[in-house]
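# Residue-level structural notes
So the chains spell out like this:
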Amino acid sequence: DLDSYKNISFDKLSIASLASGGTGETAVASGKVLLYVNIDSSSPAATFIPSASRGNAVAVFKFRAAGGEARINKLTLTRHGVTSDNAIESVYLEDEAGNILGYKVGLAAREAYINFGSEPIIIPANSAKIISVKADVKPVTDVVGQTLGFGILSSANIDSVVSISAAFPLKGAEHKLIHGT
């Protein structure tokens, strides 16, 4: 019966809710808080990133709290692509207003570990925060063929006391590094 069909918002799909026949967002039980995470539509498409450049947006994530407030205490981002950790000077997060969240960190074993300490990211109930991942690239030479991207690979990479719903792994586009000054 065609009258029973309804539109689905594909930017909010999660594997868990699709498996139960849902539209991508599950109903939140009373007292339960759920944090939906996805790649935001503003996340940059693959582009060129010059060496010796700062503030390169490499991925944008949307965090939405349902059923109550959600707090993110720590976040682990994983580098993907064909480049070395040494080519990246720092990785950091910015909110919609351009405020840096946490600290600028380096990479170790392909990961950027950001601990927000006493200032966790707070997502108010039934609202969303758009968080950009930015990278500062060192003035390296011989970057021909090197690529760079960042993602959140699993719910274990988001330290929060609430339940997390996402279609992991969430990966930003893979950008090509070029020689720059």
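Residues numbered from 1 in each chain as written. Predicted model: local features only at pLDDT ≥ 70, side-chain atom pairs only at ≥ 80, totals over all residues. Heavy atoms only, no water.

## Observations concerning the overall build of the protein
Looking only at helices and strands, the protein features one helix and 15 strands. Relative to its 181 residues, the protein shows a buried fraction of 44%. In the protein, the share of contacts with a sequence separation of at least 24, taken over all contacts with a separation of at least 6, comes to 75%. Of the roughly 9300 Å² of accessible surface on the protein, a fraction of 52% belongs to carbon and sulfur atoms. (Helix = DSSP H or I, 4+ residues; strand = E, 2+ residues; numbered from the N terminus. Buried < 20%, exposed > 50% of the residue type's maximum accessible area, 1.4 Å probe, protein only. Contact = heavy atoms within 4.5 Å. Areas by Shrake-Rupley, 256 points an atom, 1.4 Å probe, with all protein chains shown as cover.)

## What about the pairing of strand E7 (residues 100–105)?
Bridge analysis of strand E6 (residues 88–94) against E7 gives three bridges, and the strand direction is antiparallel. Along E7, the bridge assignment pairs Leu-93 with Leu-101. In this antiparallel pair of consecutive strands, E6 and E7, the connection spans five residues, and Gly-98 shows a positive phi of 85°. (Pairing = 2+ DSSP bridges.)

## Quick word on the packing of aromatic side chains
Counted according to the given criterion, the structure contains zero aromatic pairs. Geometry around Tyr-92 places Lys-104 over its ring, the cationic atom sitting 4.5 Å from the centre. (Phe/Tyr/Trp six-rings, centres within 6.5 Å; stacked < 30°, edge-to-face > 60°. Lys NZ or Arg CZ within 6 Å of the ring centre and 35° of its normal.)

## Side note on the pairing of strand E8 (residues 111–115)
Here E8 shows a clear split, with Ala-112 and Ile-114 buried on one side and none of Glu-111, Tyr-113 and Asn-115 buried on the other. Strand direction decides the pairing type here: strand E5 (residues 74–80) and E8, joined by five bridges, are antiparallel. Note that in E8 the partner of Leu-77 across the bridge is Ala-112.

## Considering the nonpolar core
Counting 37 residues, the largest nonpolar core has Leu-35, Phe-63, Leu-77, Leu-93, Val-133 and Phe-150 as the members making the most contacts within it. Looking at which element gives the most residues to this core, the answer is strand E3 (residues 56–66), with five residues. Setting aside residues up to four positions removed in sequence, Leu-93 forms contacts with Leu-75, Leu-77, Asn-99, Ile-100, Leu-101, Ile-114, Phe-116, Ile-131, Ser-132 and Val-133. (Core = buried A, V, L, I, M, F, W, Y, C linked by side-chain atoms within 4.5 Å.)

## A word on the confidence of the model for the protein
Averaged over every residue, the pLDDT of the protein is 87; residues scoring 70 or more account for 83%. Within the model, pLDDT remains below 50 along residues 5–23, and this stretch shows 23 contacts once partners closer than five positions in the same chain are excluded. (pLDDT = per-residue confidence, 0-100.)

## Some words on the environment of Ala-52
When you line up the elements, Ala-52 lands in the loop between strand E2 (48–50) and E3. Separated by 128 residues in the primary sequence, Ala-52 and Gly-180 have C-alpha atoms spaced 6.1 Å apart. Aside from chain neighbours lying at most four places away, what touches Ala-52 is Val-137, Lys-138, Pro-139 and Gly-180.

## Section: the side chain of Asn-56
With respect to the helices, strands and loops of the structure, Asn-56 is situated in strand E3. Looking at Asn-56, its side chain comes within polar contact range of the side chain of Ser-53, at 2.9 Å. When neighbours within four sequence positions are excluded, Asn-56 is seen to be in contact with Ile-49, Val-133, Lys-134, Ala-135 and Val-137. (Polar contact = N/O pair within 3.5 Å; in protein donor to acceptor, adjacent residues only side chain to side chain.)

## Let's talk about the side chain of Thr-76
Here Thr-76 is to be found in strand E5. The class for Thr-76 is buried, based on a relative accessible area of 12%. Excluding anything up to four places from it in sequence, Thr-76 contacts Glu-111, Ala-112, Tyr-113, Gly-151, Ile-152 and Asn-157.

## Focus on the environment of Val-137
In this structure, Val-137 sits in strand E10 (residues 127–137). In this structure the C-alpha to C-alpha distance between Val-137 and Asn-86, which are 51 residues apart in sequence, comes to 9.1 Å. If sequence neighbours within four positions are ignored, Val-137 has contacts with Ile-49, Pro-50, Ser-51, Ala-52, Ser-53, Asn-56, Ala-87, Ile-88, Glu-89 and Leu-177.

## Here we look at the sheet that holds strand E13 (residues 163–165)
The six strands lie next to each other as E7-E6-E10-E3-E1-E13, forming an open sheet whose pairing is mixed. Each of the sheet's edge strands pairs with one partner strand only, and the pair in question is E7 and E13. Adjacent strand axes in the sheet meet at a mean angle of 20°, parallel and antiparallel pairs treated alike. Relative to E3, strand E1 (residues 34–39) runs antiparallel, the two sharing six bridges. (Axes fitted to C-alpha atoms, helices over the stretch in contact; angles between N-to-C directions.)

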